[in-house]
Amino acid sequence: MAHASTSGDISIKPSEGWHCSHLYYRFNRAALKALSTAELAEGQKAFAAALDPAGPQAPARLQTSLVSGHKADFGLMVLDADPLVIDSVHQRLMSGPLGVGLEPTYSFVSLTEVSEYVPTVEQYGKRLAEEGEDPAGPGYQAKLKAYQSREVMMRTQRLTPDLPPWPCTCFYPMNKKRKVGENWFLLDFDARSKLMAEHGRTGMTFGGKVTQLITVSLGFDDWEWGVTLWARAPEFLKEIVYRMRFDEASARYAEFGPFYTSYVLQPAAVLEHCRIR
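Engineer: I tried to follow the nonpolar core on my own but got confused; where do I start?
Structural biologist: Soluble, globular proteins show a tendency: their nonpolar side chains are buried together. The biggest cluster of nonpolar side chains holds 23 residues, and the ones touching the most others in it are Phe 27, Phe 47, Phe 74, Leu 76 and Leu 93. Counting 19 residues, the second-largest nonpolar core is a separate cluster that includes Leu 111, Met 174, Leu 229 and Phe 236.

Engineer: Whenever I open this one, the pairing of strand β8 (residues 210–216) confuses me. Can you help?
Structural biologist: The two faces of a sheet get side chains in turn, since along a regular strand they alternate between them. Here strand β4 (residues 102–112) pairs with β8 via 2 bridges, running antiparallel. What sits directly across from Leu 111, in β8, is Val 216. Relative to strand β9 (residues 225–231), β8 runs antiparallel, the two being bridged by 7 bridges. When the bridges of β9 are listed, Ile 214 appears paired with Val 227.

Engineer: Would you mind going over the pattern of salt bridges with me for this structure?
Structural biologist: Under the criterion given, the structure shown has 10 salt bridges. In this structure, Lys 177 and Glu 182 form a salt bridge, with 3.4 Å as the shortest nitrogen-oxygen distance. With a relative accessible area of 11%, Lys 177 lands in the buried category. Here Arg 252 makes a salt bridge to Glu 248, at a shortest N to O gap of 3.2 Å. By relative accessible area, Arg 252 is classed as partly exposed at 33%. For Glu 248, a relative accessible area of 32% puts it in the partly exposed group.

Engineer: Even after reading the chapter, I still don't get a negative patch on the surface, so can you show me in this structure?
Structural biologist: A cluster of acidic residues, Glu 130, Glu 131, Asp 188 and Asp 190, forms a negative patch on the protein surface. Mapped onto the secondary structure, Asp 188 falls in the loop between β7 (182–183) and α6 (189–204). Residue class for Asp 188 comes out partly exposed when judged on its relative accessible area of 49%.

Engineer: How should helix α4 (residues 121–130) be read in this particular structure?
Structural biologist: For an α-helix, 3.6 residues make a turn, and residues three or four places apart therefore share a direction. Here α4 has its buried residues at Val 121, Tyr 124, Gly 125 and Leu 128. The buried residues of α4 occupy one face: seen down the axis, they fall within an arc of 100 degrees. Those residues of α4 that are exposed and angled more than 90 degrees off the buried face are Glu 122, Lys 126 and Glu 130. Each element contacted by the buried residues of α4 is listed here: α5 (138–159). Immediately downstream of α4, the backbone of Gly 132 shows phi near 105 degrees, a positive value.

Engineer: I tried to follow the packing of aromatic side chains on my own but got confused; where do I start?
Structural biologist: Both the distance between ring centres and the angle between the ring planes are used here to describe each pair of aromatic rings. Under the criterion given, the structure shown has 15 aromatic pairs. Consider the rings of Tyr 25 and Phe 74, whose centres lie 5.1 Å apart with planes at 15 degrees: the pair is stacked. Highlighted residues: Tyr 25 in strand β1 (residues 19–27) and Phe 74 in strand β3 (residues 74–80), separated in sequence by 49 residues. For the pair Tyr 25 and Phe 74, one class covers both residues: buried. Between the aromatic rings of Phe 27 and Phe 74, the centroid separation amounts to 5.3 Å while the plane-to-plane angle is 35 degrees, which identifies the pairing as tilted. Of the two residues, Phe 27 sits in strand β1 while Phe 74 sits in strand β3, which places them 47 residues apart along the sequence. Phe 74 carries the same exposure label as Phe 27, and that label is buried. Put simply, the rings of Tyr 25, Phe 27, Phe 47 and Phe 74 pair up and form one aromatic cluster. Looking at Lys 71, its charged tip hangs above the ring of Tyr 260, at a distance of 5.2 Å from the centre.

Rules used in this analysis
- Residues numbered from 1 in each chain as written.
- Predicted model: local features only at pLDDT ≥ 70, side-chain atom pairs only at ≥ 80, totals over all residues.
- Heavy atoms only, no water.
- Core = buried A, V, L, I, M, F, W, Y, C linked by side-chain atoms within 4.5 Å.
- Buried < 20%, exposed > 50% of the residue type's maximum accessible area, 1.4 Å probe, protein only.
- Pairing = 2+ DSSP bridges.
- Helix = DSSP H or I, 4+ residues; strand = E, 2+ residues; numbered from the N terminus.
- Salt bridge = Lys/Arg side-chain N within 4 Å of Asp/Glu carboxyl O.
- Patch = residues over 30% accessible without salt bridge, like charges linked within 9 Å, V, L, I, M, F, W, Y side chains within 5 Å.
- Areas by Shrake-Rupley, 256 points an atom, 1.4 Å probe, with all protein chains shown as cover.
- Lys, Arg positive; Asp, Glu negative; His and termini not counted.
- Charge placed at Lys NZ, Arg CZ, Asp CG, Glu CD.
- Arc of directions from axis to C-beta.
- Contact = heavy atoms within 4.5 Å.
- Phe/Tyr/Trp six-rings, centres within 6.5 Å; stacked < 30°, edge-to-face > 60°.
- Lys NZ or Arg CZ within 6 Å of the ring centre and 35° of its normal.

In structure tokens, the structure reads:
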């Protein structure tokens, strides 16, 4: 988790990583019908400009998607070190010509982080030894070196992620339980780490099909974590969520919020699909 700076500086930017917001909206067609043809055309241009990930005021990352079901018409995933840059995307949408016909339906605020369960190189070496690898053997050294090269990339991708160019995405919030006999936060670190390692191994079987980003919302929103998945095909979303729920970390200790499944589109394509024309 990102921590406040200890240098004495005061900042709304985290000391590492980015702020992250998931924002969902519905079109109010009745309000949009009141716009003139010229106003609607101007609104379409302003909408596309506000959601242009390469625009002059764009945040570090911005992705637009079309939401399945009636929870929303479209959603945004926005990341930047500055939370006001993220909020400016929302404000530009709501203050633009189409703002009279936009209704926010859901939002989730979080931070990128490197999970405490991602082992350091030293911890990974210890785990290898516990699993029977000889620290003096070539197999141990090869695995340790390979992990060391991956670790830098893994930490970078968790803190300042590139969003994959895959068409299917799903977001949901989650908590870890605090129930009698199922209190995640009363387990010692080693026990939690082993459960998360098992969970991670299941996830790795979906390499090349699904990728994910876990963001932390403790102190920022009503849930503790947000999970964003991207998949090459929609059935992979179903398969990974189903498979991973059998891991003890999920089956015994996880609680899930609403699921928002959507399909990545350019802003103009969202307007066209939703018949905003």
